[in-house]
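Each chain, letter by letter, is given below.
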Amino acid sequence: MIRSWVLVLLALAAGATVAYWMRADTGYVLVHYRGWTLETSVLVLIGVVVLATPLTLAVLRALLGVLRLPAFLLRLSERRRAERARDSFEAGLLKLLEGHWQRAEIELVRRAADHHASHLNYLAAARAAQRLGAADRRDHYLELAARDAPKLAFATGLTKAELQRERGEVAQAKATALKLRETDPQHPYPVELLAESYAALGEWAELHGLLTLTEKMDSVPAVRRRELLHRALIERMRAAVGDARLDALKQLWTQTPATLKSDPALRRVYAEGLARLNAHAEAAALVSSVLESEWDADLANLYGQLHAADPLGQLASIEQWLSRYGEKPELLITAGRACLANKLWGKARSYLEAVIRLKPTPAAYLELARLAEQTQNLEEAARLHRQGLELAASS
C-alpha cells in the first residue's frame, strides 16, 4: 500500500515537472482512428496517461486476482489440511509416548493421508497396534508405510523386525533381519536383530558364524557379544561331544578368542568334553596348565577322574597343588582317587577321610566305599555306600 502511494506521488511530481517545462508551448496532438478524431495538447495527453496507468494496473491486478482465486483457495485448503494433519500426528505421537495406545493409533491414522510424511504416521501407528496386541493391523500399517515411502523401505524393515522380535515372533524377525542384511551388510542393527534371533532359536552354529564374521563391526554391544559368543561356543562344544566328534571339539577350542579361553565355564566344558571322548592326556594337559597359574575347583575335581599314563606323576602333580593351594576338598578327593589308582590304600584313606571331615560329599563316600571293597572290607563298603546315598538324598 505504501509503495502504491509513493508511485502516485512520483507520478504527480513528474507531471508537475513536465507541465512547468511546457508552460510556454503545450504542444498539439491529433489522433484520428476510423472516423474518430481526438485533439488535445501534449500536456493533457501526458496527464491522462499518467493518471490512467495506475488505474489500468489496478484493474489488471483485480482481474488477475479473480483468475487466481480458485488456486488461492485450493492452496489455503491444502495448508489447513496439512496443519490439521501435523497437529494430529503430534497429538498421536504424544499419546504413544504417554502409553495411550488406542487413542494414539486413532490420531496417527486419522489424518495420515494428509501428512507430508505419512510413513511416519504408519510406523508410529504400527507400534501402537503392537502394544494393543493387534498384529494384523500392525502389519497393515507397515505395508502402508512401505508403500508411501519406497525409498525408506529399510527403515520400515528395521521397525518390522524390531516389533516382531518384541512380540516373540522369532522366526519372522529372523527372516526380516536376513533380508535387511542382504540389502545392507554393513548396517549394524540387522546384525544385532539376527544374532538375538539365532540365540532365541538355538541356532548356535549360525550365531557363532555371524559373530565371528562381524567381529570388527560395532553391531552388538561388547558385553552382549561376549555373552552370545560364550553361549554359542558352549552349545557347539556340547553338540560336538554328543556327536562324538573330537576333531570338531578341538577346532572350536582353536577358534575361541584368547579372552574367552580363560573363562572357567567354557574351559570346563572343553576339558570335560575331552575326557568324555577319551582324550584324557589332552584334558590332563589343559587342567595342569590352568592349575599351574590359578585355582579352578571344577578342573581339580576332573583331574582325579582322568586316566593317566603315569599315575605316580599324576599324584605328584596333585600333591604339588596341595602344597600351593592348601587342603581344598576338590584336591583332597582328587589325591585320594590318584592314590587308589596307584594302590596306595593308606594314603587314599587319609585323603578321603580328610574330605569327609572338611566337606562331606556323596563322591567322597563312594571313593571310600571303593577303597573298602579293594581291601576286602565289605561291611564297611556297604555302610559307606549307604551314608553316601543318604547324603545325596538329603542334599
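Residues numbered from 1 in each chain as written. Predicted model: local features only at pLDDT ≥ 70, side-chain atom pairs only at ≥ 80, totals over all residues. Heavy atoms only, no water.

Glancing now at helix 6 (residues 153-167). End to end, helix 6 covers 21 Å across 15 residues, agreeing with the expected 21 Å (1.5 Å per residue, within 8%). Of the positions making up helix 6, those classed as buried are Phe154, Thr156, Gly157, Leu158, Thr159, Ala161, Leu163 and Gln164. In this fold, the buried residues of helix 6 make contact with helix 4 (118-131), helix 5 (135-148), helix 7 (170-183) and helix 8 (188-201). Just downstream of helix 6 lies Gly168, where phi reads positive at about 90°. (Helix = DSSP H or I, 4+ residues; strand = E, 2+ residues; numbered from the N terminus. Expected span 1.5 Å × (residues − 1). Buried < 20%, exposed > 50% of the residue type's maximum accessible area, 1.4 Å probe, protein only. Contact = heavy atoms within 4.5 Å.)

This part covers the packing of aromatic side chains. Applying the stated criterion across every chain yields a total of three aromatic pairs. Taken together, a centroid distance of 4.4 Å and an interplanar angle of 0° make the contact between Trp253 and Tyr270 stacked. Of this pair, Trp253 sits in helix 11 (residues 246-255) while Tyr270 is found in helix 13 (residues 264-276), placing the two residues 17 residues apart along the sequence. Judged by centre distance (4.9 Å) and plane angle (70°), the ring pair of Tyr303 and Trp321 falls under edge-to-face. Separated by 18 residues along the polypeptide, Tyr303 in helix 15 (residues 297-303) and Trp321 in helix 16 (residues 311-325) bring together distant segments of the chain. Judged by relative accessible area, which is 6%, Tyr303 ranks as buried. The exposure class of Trp321 is buried, given its relative accessible area of 1%. (Phe/Tyr/Trp six-rings, centres within 6.5 Å; stacked < 30°, edge-to-face > 60°.)

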